[in-house]
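Residues per chain, in single letters:
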Amino acid sequence: MKVGVVGGGAWGTALAQVAAQGGETLLWSREPEVAESIAATHENRLFLPGVPLSERIRPTTDLADLAQCDLWLLVTPAQHMRAVLEAAPPCAAALVLCSKGIEERSGLLLHAVARQACAEAEVMVLSGPTFAHEVAAGLPTALTLAADDEEDAEPVRARLARPEFRIYLSDDVAGAEVGGAVKNVLAIACGVVEGRGLGQNARAALIARGFAEMTRFGLARGARPETLAGLSGLGDLVLTCSSTSSRNYSLGKGLGQGRPAAELMADRRTVAEGAFTAPVLRRLAEEEGIDMPIVAAVDDMLAGRARVDEVLERLLSRPHRPERA
Ligand SMILES: NC(=O)c1ccc[n+]([C@@H]2O[C@H](COP(=O)([O-])OP(=O)(O)OC[C@H]3O[C@@H](n4cnc5c(N)ncnc54)[C@H](O)[C@@H]3O)[C@@H](O)[C@H]2O)c1
Ligand SMILES: O=P(O)(O)OC[C@H](O)CO
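Residues numbered from 1 in each chain as written. Chains lettered and ligands numbered in written order. Predicted model: local features only at pLDDT ≥ 70, side-chain atom pairs only at ≥ 80, totals over all residues. Heavy atoms only, no water.

- For the chain, the name recorded in an unreviewed UniProt entry is Glycerol-3-phosphate dehydrogenase [NAD(P)+], with Sphingomonas astaxanthinifaciens DSM 22298 as its organism.
- A UniProt comment under Subcellular location (unreviewed entry) is attached to the chain, and it reads "Cytoplasm". (UniProt positions renumbered as here; feature names shortened; annotations may be inferred.)

Dropping the structure here:
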């Protein structure tokens, strides 16, 4: 199976590094300087500096080159995935979505976007607690690969898995996707807690009550509870809510320190998906009557509609109710 990675950011580059252990791997990047840097020095100086890359990674900026590949790993930011697929040659038989988010204008999870753009392809989701720099360094990592039919996913698992890159199969595609999309928003909230100095108890409470929000939204999308409690849900939530290695957590930390969202967003070249998922997730939750107060609080802080202390007071003065609700 020849692998083509679509997106030369940190995660696409780390995945290309994994795939290259099994044979030549194409890496499409939007930025010519990424392809030039990899071709000249075997390093992605823009998005994954300091990591020596395999000589089996073949960089390109021409989407047409993907026609040579039978397995595509899609790693563009969520809001750009549809446009990239529409500009690409006819889709490979197997598409693996590795991005995390919800398309803002349609409100669709990415597997639904991919199925609209590539009606003939088998669409799978690869997700879990995976900081790119750790994967690229060969540190142990476990993640979920979900396909409607697990048998279709097995050859993909066999092609990508390594002892230190451990892939568990699932047939819960929506469940595997919801966790990654929602945890990015919750990580912003946890970053705010650190930035504002609210303490470790508050962070743990946000993780647990955030997981309740993720579960409510996931169940409404047909996700299974055990998927949400697994690597792609709770596992990724814990990772991303724990460290400034997360771009979403760092963004939240800046908000907690009182910096305006617009200034924080203008400063970055890398993507903090939670900032784009928060408004659409809040909209969907409100339309469907799903209670997601932490997500609404993050959305209000990002949009500049409420200050940190205002959302804190709002969350702490909510009516008391049973934990299970
Ligand atoms: N970095 C990680 O550790 C990690 C891990 C798992 C999943 N992800 C997910 O992978 C996806 C990509 O993140 P990343 O970390 O590789 O990116 P990145 O933040 O390192 O780089 C930004 C990427 O966005 C691309 N981009 C910007 N504007 C674009 C446009 N108009 N069209 C197409 N592409 C555009 C850039 O080319 C670059 O590849 C995100 O959904 C992210 O949540 C990231
Ligand atoms: O840096 P973040 O916040 O985009 O998180 C990266 C990965 O999604 C962690 O699994």
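### What about the domain arrangement of the chain?
Here is step 1: Split by domain assignment, the chain resolves into domain 1 (3-171) and domain 2 (181-316).
Here is step 2: Taking only C-alpha atoms into account, the centre of domain 1 sits 25 Å from that of domain 2.
Here is step 3: Each partner contributes to the interface: domain 1 provides 27 residues, whereas domain 2 provides 25 residues.
Here is step 4: Summed over both sides, the interface of domain 1 with domain 2 buries roughly 2000 Å², with 64% coming from carbon and sulfur.
Here is step 5: Contact with domain 2 buries surface across domain 1, with Lys100, Ile102 and Phe131 losing the most and accounting together for 30% of the total.
Here is step 6: The tally of links between domain 1 and domain 2 comes to three salt bridges.
Here is step 7: Across the pair Asp236 and Lys100 runs a salt bridge, and its minimum N-O distance is 2.7 Å. (Domains from an automatic or database assignment. Contact = heavy atoms within 4.5 Å. Buried area = accessible area lost by both parts, 1.4 Å probe. Salt bridge = Lys/Arg side-chain N within 4 Å of Asp/Glu carboxyl O.)

### Examining the pattern of salt bridges
Here is step 1: Tallying each qualifying case throughout the model produces 26 salt bridges.
Here is step 2: The residue Arg45 makes a salt bridge to Glu43 at a minimum N-O spacing of 3.5 Å.
Here is step 3: Its relative accessible area of 52% is what places Arg45 among the exposed residues.
Here is step 4: Arg305 serves as the salt-bridge partner of Asp299, at 2.8 Å between the closest nitrogen and oxygen.
Here is step 5: When its relative accessible area of 52% is taken as the criterion, Arg305 is described as exposed. (Buried < 20%, exposed > 50% of the residue type's maximum accessible area, 1.4 Å probe, protein only.)

### A closer look at the packing of helix α4 (residues 110-117) against helix α7 (residues 173-196)
Here is step 1: For the pair α4 and α7, interaxial distance at closest approach is 9 Å and the crossing angle is 120 degrees. Here α7 runs oblique to α4, going by the angle between their axes. Facing Leu110, His111 and Arg115 of α4, the residues of α7 in contact are Val173, Ala174 and Glu177.
Here is step 2: Along the lines of polarity and charge, the residues of the contact of α4 with α7 split into three nonpolar, one polar and two charged. (Axes fitted to C-alpha atoms, helices over the stretch in contact; angles between N-to-C directions. Helix = DSSP H or I, 4+ residues; strand = E, 2+ residues; numbered from the N terminus. Parallel < 35°, antiparallel > 145°, perpendicular 65-115°, else oblique. Nonpolar A, V, L, I, M, F, W, Y, C, P; charged D, E, K, R; others polar.)

### Some points on the site of ligand 1
Here is step 1: Taken together, the neighbourhood of ligand 1 is formed by 22 residues, with Ala10, Glu31, Ala132, Val271 and Glu273 sitting nearest.
Here is step 2: Residue Thr130 places a main-chain N or O atom 3.4 Å away from an oxygen atom belonging to ligand 1.
Here is step 3: Coverage of ligand 1 by the protein amounts to 88% of the 820 Å² it exposes when considered alone.
Here is step 4: The dominant element in the shell around ligand 1, judged by the number of residues it contributes, is helix α1 (residues 10-19), at three residues.
Here is step 5: Within the shell around ligand 1, the residues separate by chemical class into 10 nonpolar, seven polar and five charged.
Here is step 6: Of the domains in this structure, domain 1 (3-171) and domain 2 (181-316) are the two that each give at least three residues to the shell around ligand 1. (Near = heavy atom within 4 Å. Polar contact = N/O pair within 3.5 Å; in protein donor to acceptor, adjacent residues only side chain to side chain. Areas by Shrake-Rupley, 256 points an atom, 1.4 Å probe, with all protein chains shown as cover.)

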